[in-house]
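Single-letter residue listing:
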Amino acid sequence: MADEKNAKYLAALKYHEDGRPGKIEVTTTKPTLTSNDLSLAYSPGVAAPCLEIAKNPDDAYKYTTKGNLVGVISNGSAVLGLGNIGALAGKPVMEGKGVLFKRFADIDVFDIEVDEPTVEGMVSVVEKLEPTFGGINLEDIKAPECFEIERQLVEKMNIPVFHDDQHGTAIIASAGFLNALEITGKKIDEVVMVFSGAGAASIACAQLFVDLGAKKENLFMTDSKGVIYQGRTDGMNKYKDMFAVKTEKRTLADAMVDADVFIGCSAKGVLTKEMVKTMAPNPIIFAMANPEPEILPEEVAEVRDDAIMATGRSDYPNQVNNVLGFPFIFRGALDVRARKINSEMKMAAVRALADLAREEVPEEVKLAYDQDNFTFGPEYIIPKPFDTRALTRVAPAVAKAAMDSGVARIQIEDLQEYANSLEDRLGTSGALMKSLRDRLSTWVKRQGPVKMVFAEGSNTRILQAVSHLVDEGKIDPILLGSKTKIHDKMSSLGLDKLKELPIITPAKSEHFNKFVTEFTKKKQRDGVSHYHAEDMMAQENYFGASMVEQGLAEAFIAGPTLSYPECFTPIMKVIGTEKHRKAAGIFLMVFKDRVLFLADCTAQIDPSAEDLVEIAAATAELYHSLMKKEPRVAFLSFSNFGSNAHPDAKKVKKAVQIAKQKYPNMECEGEMQADVAVNKRILDKLFSFNELKGPTDILVFPNLASANISYKLLAQLSDADAIGPVLVPLTGSANIIQRTATISEIVNMCNLTALLSIVDEFKRERGMKNG
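The structure displayed is predicted, hence computed values, not measured ones. (Residues numbered from 1 in each chain as written. Predicted model: local features only at pLDDT ≥ 70, side-chain atom pairs only at ≥ 80, totals over all residues. Heavy atoms only, no water.)

A. Here's a closer look at the environment of proline 144. By the element assignment, proline 144 lies in the loop between β3 (135-138) and α7 (145-156). The class of proline 144 is partly exposed, set by a relative accessible area of 32%. The spacing of proline 144 and glycine 199 is 55 residues in sequence and 7.1 Å in space, taken between C-alpha atoms. In contact with proline 144, other than residues within four places in its own chain, are Asn237 and Tyr239. (Helix = DSSP H or I, 4+ residues; strand = E, 2+ residues; numbered from the N terminus. Buried < 20%, exposed > 50% of the residue type's maximum accessible area, 1.4 Å probe, protein only. Contact = heavy atoms within 4.5 Å.)

This is the structure:
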């Protein structure tokens, strides 16, 4: 055990030391490549936003990072379980806090460590930082000073100030507490509660419990000297006085007799098995001391089989983890420019988290924790930190509470759209997907939702994605498969609301015989008999594709469990491509500052020069439909403009020549190497004769191997989001969900497929002309 602990200690040191020391850096969000860029970033250009802000201070939110910047500030007087180690020694923790803000809510952070032990000194330093930040997160400041520091700063400052050690723990614990009460059937205004510890977290938990409806007279708070009772003078302060009760109980053991609830914010081993035995039936025990709880779950299990437990540790169920709170609370507060974080906002966060734990957990969350038993109950009363839905539930709830309680400077009109935008913030594809959803919404308002068929109607991820799509209202799903099996799966997922959706079993459908007859006519000279057609059409992928071909649906989604060829072949045989052109699978690689379309990543193994031209043309049409502008196309090779005479290089060179003749309106160039294609400065410097008027938008690869390898490497090793594969140029809208796709990726692909199904609109938009 000692060796394992030492190994983890050394691993943590190596993690912080390797490469650039620490965990964070400052990066630029604007171009800084040229002298002109720098003249805009700094002198003389920077004077312009300075003058505008001087005239209107609110313009700081328009021209600077203030609106997305939080100061994580500490004096190091109570760092984690390490105590008063000082401001400098606490810096790794504050940097880590910045990592969590960015990772979970896309909030930027400056960590500031202040060598100042007094209340007056801390208040004086922090209040002067208001011009810099949109909010202040106080961290690791000991009690009782932390209470006074926060109180004074909230009064003095006009931006949110939040001491996470107090309120973060309180908010997460309160959410779990509400759910534990629900499961045990106990009433909040009747339960007897015992608090171990009277520091920042414990007092904040107690106050929030009272705000939620608990009775102070039912709350017994204890510290190292015993129960905090009326008349006690030893070790008291005004914050403990608020929770002093009239009682004869003097020890923790006294208080635990017949208690319904134990809340621990104290130290390892404080709670004993003997004390747990004396608690009321179905006790609720939150042992949150870190790194070792007041009592371990297995110790409780030895004496009680009816307890609901939570700890601060990730290796036990029901972890009370502050990362479920502070990133999302600040996100909501910043986005309405709240003046403070008030009790209404905290309670909104509590209820949002409590409600989220009662929902079905997406597959990607289960995969992140390598578990599949996250079902609302005694071992799942608090959501998991890697559940991205926490952002989209908590931040809107906090923002709404800020607006309703009058502390918001700006209003968010559409909270559902705001929630969608928050989901997008966690990936680079957010802005693109928002623009596509907006266009789909415009169409739906005029013409109604898009009918979309799903081949794997009983698949868990498909059903969870469909639930999201139903809530959005842009797509009307049709599920294929056994109605009994699909309904059973809906019930197991808590998605009974979906049972009204149309479900079709292909072989039992009224359209089955017609589909068989039509497919037989279409493929009878390709070796398909009537009996073959019956066997094929009984399969969901053939039937779903036929629904699109016959006009009974506007879009079809195959996958995600079958292999790509098993999905691809039915789509090609039934729907097929426009004018019998060869199909291509396009991936949209969405980087922070650009979008690249990669072709062909899934379909043609070794395309000819002529095939490459058609791949480029189909991809250009797709690009124009989605991006609403003409693309610039680069044909890739290991050769630059004839520098190599290998047949593979000549093939690409020939493709460029054909493309310029056949599609004179397509702005294309090549053959060229990948670095040249994606870097316009290199391209112009080395090959000034090139005809591209701007950065490349489409990369056409010489074969499937290079394209497939490239998109997978980019998806894994870069900050790009991969959207696809998008099949082109089909006569109807259909796409294939990859086996590894997450719920959000499935939803994105469905929205994209629905948009592409609006054929007439896109035909009007297409500017690419043949011949």
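Right, picking up where we left off after that structure.
B. Quick peek at a nonpolar patch on the surface. A cluster of nonpolar side chains, namely Tyr9, Leu10 and Leu13, defines an oily patch on the protein surface of about 330 Å² accessible area. Topologically, tyrosine 9 is positioned in helix α1 (residues 2-17). (Patch = residues over 30% accessible without salt bridge, like charges linked within 9 Å, V, L, I, M, F, W, Y side chains within 5 Å. Areas by Shrake-Rupley, 256 points an atom, 1.4 Å probe, with all protein chains shown as cover. Salt bridge = Lys/Arg side-chain N within 4 Å of Asp/Glu carboxyl O.)

C. Quick look at the packing of aromatic side chains. Per the counting criterion, the structure on display carries 17 aromatic pairs. Both rings, one in phenylalanine 519 and one in tyrosine 542, keep their centres 5.8 Å apart while their planes meet at 70°; by these two values the pair is edge-to-face. Of this pair, phenylalanine 519 sits in helix α22 (residues 512-523) while tyrosine 542 is found in helix α24 (residues 540-549), placing the two residues 23 residues apart along the sequence. Assessed through its relative accessible area of 4%, phenylalanine 519 is described here as buried. Among the aromatic side chains, those forming a connected cluster through ring pairs are Phe101, Phe162, Phe326 and Phe330. (Phe/Tyr/Trp six-rings, centres within 6.5 Å; stacked < 30°, edge-to-face > 60°.)

D. Seen up close, the pairing of strand β20 (residues 721-728). For β20, the tally of buried residues reaches six of eight residues, placing the bulk of the element in the interior. As paired elements, strand β15 (residues 584-590) and β20 share six bridges and run antiparallel to each other. Across the sheet, residue methionine 589 finds its bridge partner in β20, namely alanine 722. (Pairing = 2+ DSSP bridges.)

E. Structural view of the sheet that holds strand β12 (residues 475-480). The strand order across the open sheet formed by five strands is β13-β12-β11-β14-β21, and the pairing between neighbours is parallel. Each edge of the open sheet carries a strand with a single partner, namely β13 (503-504) and β21 (733-736). Inspection of the sheet shows β12 paired to β13 by two bridges, in the parallel sense. Bridge pairing in β13 places leucine 480 opposite isoleucine 504. Docked against the sheet, α24 engages β11 (450-454), β12, β13, β14 (555-558) and β21, running at close to 165° with respect to β14. Lying on the sheet, helix α25 (residues 564-574) is in contact with β14 and β21; it crosses β21 at an angle near 165°. (Axes fitted to C-alpha atoms, helices over the stretch in contact; angles between N-to-C directions.)

F. Structural detail: the sheet that holds strand β19 (residues 698-700). Taken together, six strands build an open sheet; the order of strands is β18-β17-β19-β16-β15-β20 and the sheet is mixed. The open sheet has two edge strands, β18 (667-672) and β20, and neither has a second partner. Going from strand to strand, the sheet's axes swing by 20° on average, the running direction of each strand aside. By the bridge criterion, four bridges tie β15 to strand β16 (residues 595-599) in an arrangement that is antiparallel.

G. The side chain of arginine 304, seen in detail. Looking at the secondary structure, you find arginine 304 in the loop between α13 (297-303) and β10 (308-311). Classification of arginine 304 as buried rests on a relative accessible area of 12%. Here the side chain of arginine 304 touches methionine 279 through a polar contact of 3.1 Å, landing on its backbone oxygen. At 3.0 Å, the side chain of arginine 304 and the side chain of aspartate 306 are in polar contact. Among residues more than four places away in sequence, those in contact with arginine 304 are Val276, Lys277, Met279, Ala280, Pro281, Asn282 and Pro283. (Polar contact = N/O pair within 3.5 Å; in protein donor to acceptor, adjacent residues only side chain to side chain.)

H. Representation of α25 in the model. Residues Cys567, Phe568, Pro570, Ile571, Met572 and Val574 constitute the buried set of α25. Packed against the buried residues of α25 are α22, α24, β14, β20 and β21. At the C-terminal side of α25, glycine 576 shows a positive phi close to 70°.

I. A look at helix α30 (residues 704-717). The terminal C-alpha atoms of α30, which comprises 14 residues, lie 20 Å apart, in line with the 20 Å expected from a rise of 1.5 Å per residue. What α30 keeps buried is the set Leu704, Ala707 and Tyr711. The buried side chains of α30 occupy one side of the element, clustering within an arc of 75° when seen end-on. Exposed side of α30, more than 90 degrees from the buried face: Ile709, Gln716 and Leu717 are the residues found there. Where α30 is buried, its residues meet β15 and β16. Here α30 starts with a cap whose side-chain oxygen sits 3.4 Å from the backbone nitrogen of alanine 705, and that cap is asparagine 703. (Expected span 1.5 Å × (residues − 1). Arc of directions from axis to C-beta.)

J. The arrangement of unusual backbone geometry in detail. Cis rather than trans, the peptide bond between glycine 724 and proline 725 has omega equal to 0°. With respect to the helices and strands, proline 725 occurs in strand β20. For the bond running from valine 728 to proline 729, omega is -15°, close enough to zero to count as cis. By secondary structure assignment, the location of proline 729 is in the loop between β20 and β21. In this model, asparagine 318 sits at a positive phi of 60°, which is unusual for a non-glycine residue. Here asparagine 318 falls in the buried class, since its relative accessible area comes to 3%. In this structure, lysine 579 takes a positive phi of about 55° despite not being glycine.

K. Broad picture of the state of the cysteines. Within the structure shown, the criterion is met by zero disulfides. In this model cysteine 205 remains outside any disulfide bridge; the closest cysteine sulfur is found in cysteine 265, 4.6 Å from its own. With a relative accessible area of 0%, cysteine 205 lands in the buried category. Looking at the unpaired cysteine 567, the closest cysteine sulfur is the one in cysteine 750, lying at 13 Å. Under the relative-accessibility criterion, cysteine 567 is labelled buried at 1%. (Disulfide = S-S within 2.5 Å.)

L. Region of interest: the pairing of strand β2 (residues 108-113). Looking at chain direction, strand β1 (residues 69-74) and β2 are connected through six bridges and run parallel. Across the sheet, the residue bridging to valine 70 is valine 109, located in β2. In the classification by handedness, the crossover that spans β1, the intervening helix α5 (residues 91-105) and the parallel β2 is right-handed. (Right-handed = clockwise from strand over helix to strand, strands pointing away.)

M. Fine view of the environment of tyrosine 623. Examined against the element boundaries, tyrosine 623 turns out to sit in helix α26 (residues 609-627). With a relative accessible area of 1%, tyrosine 623 lands in the buried category. Sequence separation between tyrosine 623 and valine 398 is 225 residues; the distance between their C-alpha atoms is 38 Å. Once residues within four sequence positions are removed from consideration, tyrosine 623 is found in contact with Phe597, Lys628, Lys629, Glu630, Pro631, Asp697 and Ile698. In this structure the side chain of tyrosine 623 is engaged in a polar contact, spanning 3.2 Å, whose partner is the side chain of aspartate 697.

N. Region of interest: the packing of helix α6 (residues 119-127) against α7. Where α6 contacts α7, the two axes come as close as 9 Å, and the packing angle between them is 35°. In the packing of α6 onto α7, the handedness of the crossing is right-handed. Every residue of α7 that contacts α6 at Val119, Met122, Val123, Val126 and Glu127 is listed here: Glu145, Glu148, Ile149, Gln152, Leu153 and Lys156. Classifying every residue of the contact of α6 with α7 by side-chain character gives six nonpolar, one polar and four charged. (Left-handed = near helix turned anticlockwise from the far one by under 90°. Nonpolar A, V, L, I, M, F, W, Y, C, P; charged D, E, K, R; others polar.)

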